[in-house]
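The chain contents come next:
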Amino acid sequence: MGTVTALYRYPVKSMLGEAVIAVAVTEGGLSGDRVYAVLDETDAVGSAKHPRKWGALLRCRSRLDESGVVRVVLPDGTALSVEDPDLDVELSNLLGRHVFVSAAVPEHGRLERAVPEYEGGVSDAVRESASVDATGESITSGSVAPGTFFDFGRVHLVTTSALARMRTVHPAGDFDARRFRPNLVVDTHGAPGFPEDAWVGSRLRVGEALFRVVVPTPRCVVPTLGHDELPPDPGIMRAVAREHRIPVFDLGRLSCLGVYLDVLEAGTVRVGDASTLQEAAPAGIPGG
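The structure contained in this document is the topic of the report that follows. (Residues numbered from 1 in each chain as written. Predicted model: local features only at pLDDT ≥ 70, side-chain atom pairs only at ≥ 80, totals over all residues. Heavy atoms only, no water.)

## A few points about the overall build of the protein
Point 1. Broken down by element type, the protein carries five helices and 20 strands.
Point 2. Against the compact-globule benchmark of 19 Å for 288 residues, the protein has a radius of gyration of 18 Å, which places it among compact chains.
Point 3. By the burial criterion, 53% of the 288 residues in the protein qualify as buried.
Point 4. Put simply, 73% of the contacts in the protein that link residues at least 6 apart link residues at least 24 apart.
Point 5. Summed over all atoms, the accessible surface of the protein reaches about 12,200 Å², with 50% contributed by carbon and sulfur. (Helix = DSSP H or I, 4+ residues; strand = E, 2+ residues; numbered from the N terminus. Rg over C-alpha atoms; globule rule 2.2 N^0.38 Å. Buried < 20%, exposed > 50% of the residue type's maximum accessible area, 1.4 Å probe, protein only. Contact = heavy atoms within 4.5 Å. Areas by Shrake-Rupley, 256 points an atom, 1.4 Å probe, with all protein chains shown as cover.)

What follows is the structure, given as structure tokens:
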């Protein structure tokens, strides 16, 4: 069905991550993925989904070194361990308020998201419940997945077919997979459109690991932001909203690209591994 063409993990939530050749997958997701986050004194979890407040995190890069220590490379090139108190100082200076890096998920941690202007970015009910915060941005407030720094699924997959389709829709846009912050990029060998839509509900064997495809991934403002050398591009998500709005749970038709996965069996996944569907998606599941 496909071949793994890239693997990414993001040791600190909403920072740039690292490409890896092989990675252990546990029940909690890719080893080393989203094990830390930047928090503020209100227990808000740092997420570039609220760009005015947290977008500067995308100017930092997090990586796991050979000794298993997570290090953060700041915009000026300085590299500091997450255990170094100077990192909290530097990040506070970058963001303009007191923040700190934590591996502990706050009990009442909040995850703030900017409300996209385009139709299909959020459900109508969510849009109506939004409020304007101190930055002047219209936001909604939710929570991370219990006990984790993940927004929802433990693993995120994007296909080359979906990216290729979007390039035809918005040729001026740079649909580099990194904009969508996937863990797995699967080369679907020229399959048309969005083949992952039909995988929802199926089991997906990738290398040694087994996943369940849970739901299409609703997209936010993050793909439109600058990522490393990729410049900001507000047209990216407007194009997705025009081309690919599909049902997500009971939230209506949302702009989606990629799918969220849960881990059924742990194992190692490597670039070049085959991915194989083991059963068809049951009828009636959104995204089919």
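What follows picks up the thread again.
## Let's talk about the environment of Ala37
Point 1. Of note, Ala37 is situated in strand S5 (residues 37-40).
Point 2. The exposure class assigned to Ala37 is buried, which follows from its relative accessible area of 0%.
Point 3. Taking the C-alpha atoms as reference, Ala37 lies 9.9 Å from Phe150; in sequence the two are 113 residues apart.
Point 4. Setting aside residues up to four positions removed in sequence, Ala37 forms contacts with Val12, Lys13, Val45, Phe100, Val101, Ser102 and Phe149.

## Examining the pattern of salt bridges
Pairing between side chains of opposite charge can happen when the charged atoms of each approach one another.
Point 1. Under the criterion given, the structure shown has 15 salt bridges.
Point 2. When the shortest N-O distance is used, the salt bridge between Asp228 and Arg61 registers 2.6 Å. In this pair, Asp228 sits in the loop between strand S16 (209-218) and helix H5 (235-243) while Arg61 sits in strand S6 (residues 61-64), placing the two residues 167 residues apart along the sequence.
Point 3. With relative accessibility at 49%, the residue Asp228 sits in the partly exposed group. (Salt bridge = Lys/Arg side-chain N within 4 Å of Asp/Glu carboxyl O.)

## Quick notes on the nonpolar core
Point 1. Leu157 and Phe211 are the most contacted members of the largest nonpolar core, which has 21 residues in total.
Point 2. Counting residues per element, the ones that place at least two in this core are strand S1 (2-9), strand S3 (22-26), strand S13 (155-159), strand S14 (184-187), strand S15 (203-206), S16 and strand S18 (253-265).
Point 3. Leaving out residues up to four positions away in the same chain, Phe211 has contacts with Val25, Val155, Ser202, Arg203, Leu204, Val206, Leu261, Asp262, Val263 and Leu264. (Core = buried A, V, L, I, M, F, W, Y, C linked by side-chain atoms within 4.5 Å.)

## Section: the sheet that holds strand S19 (residues 267-270)
Strand pairing in a sheet relies on backbone hydrogen bonds, with the paired strands running either antiparallel or parallel.
Point 1. Spatial ordering of the open sheet is given by S4-S3-S19, a layout of three strands whose pairing is antiparallel. Strands at the two margins of the open sheet, each flanked by one partner only, are strand S4 (29-30) and S19.
Point 2. Bridging between S3 and S4 involves two bridges; their strand directions are antiparallel. Its bridge partner being in S4, Val25 is matched across the sheet by Leu30. (Pairing = 2+ DSSP bridges.)

## Side note on the environment of Ile139
Point 1. Note that Ile139 resides in strand S12 (residues 138-142).
Point 2. For Ile139, a relative accessible area of 5% translates into the label buried.
Point 3. With 12 residues separating them along the chain, Ile139 and Arg127 place their C-alpha atoms 8.6 Å apart.
Point 4. Discounting residues that sit within four places of it in the chain, Ile139 has contacts with His50, Glu112, Arg113, Ala114, Val115, Ala130, Ser131 and Asp133.

## Things to note about the packing of aromatic side chains
Point 1. The final tally for this structure, using the stated rule, is three aromatic pairs.
Point 2. Look at Phe175 and Phe180: their rings are 6.3 Å apart centre to centre, the planes differ by 10°, and that puts the pair in the stacked class.
Point 3. Under the relative-accessibility criterion, Phe180 is labelled buried at 1%.
Point 4. Members of the aromatic cluster, joined through ring pairs, are Phe152, Phe249 and Tyr260.
Point 5. We note Arg97 situated over the ring of Trp54; from NZ or CZ to the ring centre the distance is 4.3 Å.
Point 6. Taking NZ or CZ as reference, Arg181 lies 4.3 Å from the ring centre of Tyr10, over its face. (Phe/Tyr/Trp six-rings, centres within 6.5 Å; stacked < 30°, edge-to-face > 60°. Lys NZ or Arg CZ within 6 Å of the ring centre and 35° of its normal.)

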